[in-house]
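One letter stands for each residue in the lines below.
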Amino acid sequence: MSEGLFISLEGIDGSGKTTLIQYLQDKLATYPLLRIREPGGTAISEKIRELLLNIDNYLITARTEAILYAAARSQVVEQLIKPALDEGKLVLADRYVDSTMAYQGYGRGLDLQFLFTLNQLCTSGLLPDATILLDITPQVGEKRRKHEEADRLEQEGREFQARVREGYLQLALKEPKRFYVVNANREFRHVAEDAWGQIMSLLIKRGWLPGEN
Ligand code: TMP
């Protein structure tokens, strides 16, 4: 078992993950920390990200899409996540395997067993110790990203986001020990307090007491 602690953040588009992860990174400034985002995180994975999110690439099939997300993940796991965990770091990931299950599985309708196996193969079965799911309605998510230009996935619309959200909730029900669901329809300070409380309890369980690093 690794020495480090691996926490992923998940949620539909506009759920506020990126704002939260920045807040957590600041709060955790005294800890040895690796922050990554998916797809991305390494030069190769960032190239795959560009391929996946570019709106010109509308011909990508659902299966190709899933495999490309998995390829980007495989690279980041080998190159960054595993070494960081072996060095005893705290890894904060903005999306991980559950994004593929929720978006390509529940959102696109690909076979869940196929995606589960794909994730297993591409990560050698590495799962986060904990996953924080920011749960919001697609309406709220849409409002929050109104000012941004939509990428290829965001262009899929509200019904797609609703299926992805439902998928995430199903995943959380299947693995209640790993998932912690936060109601992200609230003001940011409440969401942040809730998520921070959960992370503190994980750190304390590990014996990583705040202020001792
Ligand atoms: P981001 O906007 O959170 O950076 O994520 C990029 C988009 O990629 C987002 O719409 C979710 C999508 N995505 C998948 O569809 N499957 C995946 O496995 C991952 C990691 C992201």
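As shown above, the structure is provided for reference.
This write-up is about the structure you can find in this document. Remember, predicted model here, so these are calculated numbers, not experimental data.

1. A closer look at helix α4 (residues 97–107)
Argument step 1. With ten of its eleven residues buried, α4 lies for the most part within the structure.
Argument step 2. Taken together, the buried positions of α4 are occupied by Val-97, Asp-98, Ser-99, Thr-100, Met-101, Ala-102, Tyr-103, Gln-104, Gly-105 and Gly-107.
Argument step 3. For α4, the secondary structure elements touched by its buried residues are β1 (5–11), α3 (62–86), α5 (112–123), β4 (130–135), α7 (158–174) and β5 (179–183).
Argument step 4. Residue Gly-109 follows α4 closely and has a positive phi angle near 90 degrees.

2. Considerations on the packing of aromatic side chains
Note on aromatic pairs: each is described by the distance of the centres and the angle between the planes.
Argument step 1. Using the criterion set out here, one finds five aromatic pairs in the structure.
Argument step 2. Pairwise contacts between aromatic rings join Tyr-103, Phe-160 and Tyr-168 into one cluster.
Argument step 3. Lying across the ring of Phe-114, Arg-63 places its NZ or CZ 4.9 Å from the centre.
Argument step 4. The ring centre of Tyr-96 lies 5.7 Å from the NZ or CZ of Arg-73, which sits over that ring.

3. Thoughts on the site of the ligand
Argument step 1. Surveying the vicinity of the ligand reveals 14 residues, the closest of which are Asp-13, Tyr-69, Arg-95, Thr-100 and Gln-104.
Argument step 2. In this structure, Asp-13 approaches the ligand through a side-chain N or O atom, which is 2.8 Å from an oxygen atom.
Argument step 3. Separating an oxygen atom of the ligand from a side-chain N or O atom of Thr-100 is a distance of 2.6 Å.
Argument step 4. The protein chains hide 93% of the 480 Å² of surface that the ligand would expose on its own.
Argument step 5. Elements that contribute at least two residues to the shell around the ligand include exactly α2 (43–53), α3 and α4.
Argument step 6. No other element matches the four residues that α4 contributes to the shell around the ligand.
Argument step 7. When the residues that make up the shell around the ligand are grouped by side-chain class, the tally is five nonpolar, three polar and six charged.

Parameters and conventions
- Every chain begins its residue count from 1, and numbering advances along the sequence as written.
- Only residues with pLDDT of 70 or above have their local features reported here, since the model is predicted, and side-chain atom pairs are shown and tallied only from 80 upward, although totals for entire chains, interfaces and linings are computed over all residues.
- Side-chain metrics in this entry use all non-hydrogen atoms of the structure; hydrogen atoms and water are not considered.
- Burial status follows relative accessibility: with a 1.4 Å probe on protein chains alone, a residue under 20% of its type maximum counts as buried, one over 50% as exposed, and anything between as partly exposed.
- In this description a helix means any DSSP run of H or I spanning at least four residues, a strand means any run of E spanning at least two, and both kinds are numbered starting from the N terminus.
- Pairs of residues are marked as contacts when any of their non-hydrogen atoms sit within 4.5 Å.
- The criterion for an aromatic pair is that two Phe, Tyr or Trp rings (for Trp, the six-membered ring) have centres within 6.5 Å, with stacked assigned to planes under 30 degrees apart, edge-to-face to planes over 60 apart and tilted to the rest.
- A positively charged side chain is recorded as over a ring if its NZ (Lys) or CZ (Arg) lies within 6 Å of the ring centre. The angle to the ring normal must also be within 35 degrees.
- Near residues are defined by distance, with any heavy atom within 4 Å of the molecule or strand qualifying the residue.
- For the purposes of these results, a polar contact is taken to be a pair of N or O atoms within 3.5 Å, where, inside protein, one atom must be able to donate a hydrogen and its partner to accept one; residues adjacent in sequence count only when each atom of the pair is a side-chain atom.
- Method for areas: the Shrake-Rupley scheme with a 1.4 Å probe, in which residue coverage is limited to the protein chains shown.
- Three classes are used: nonpolar for Ala, Val, Leu, Ile, Met, Phe, Trp, Tyr, Cys and Pro, charged for Asp, Glu, Lys and Arg, and polar for all others, with Gly counted as polar.

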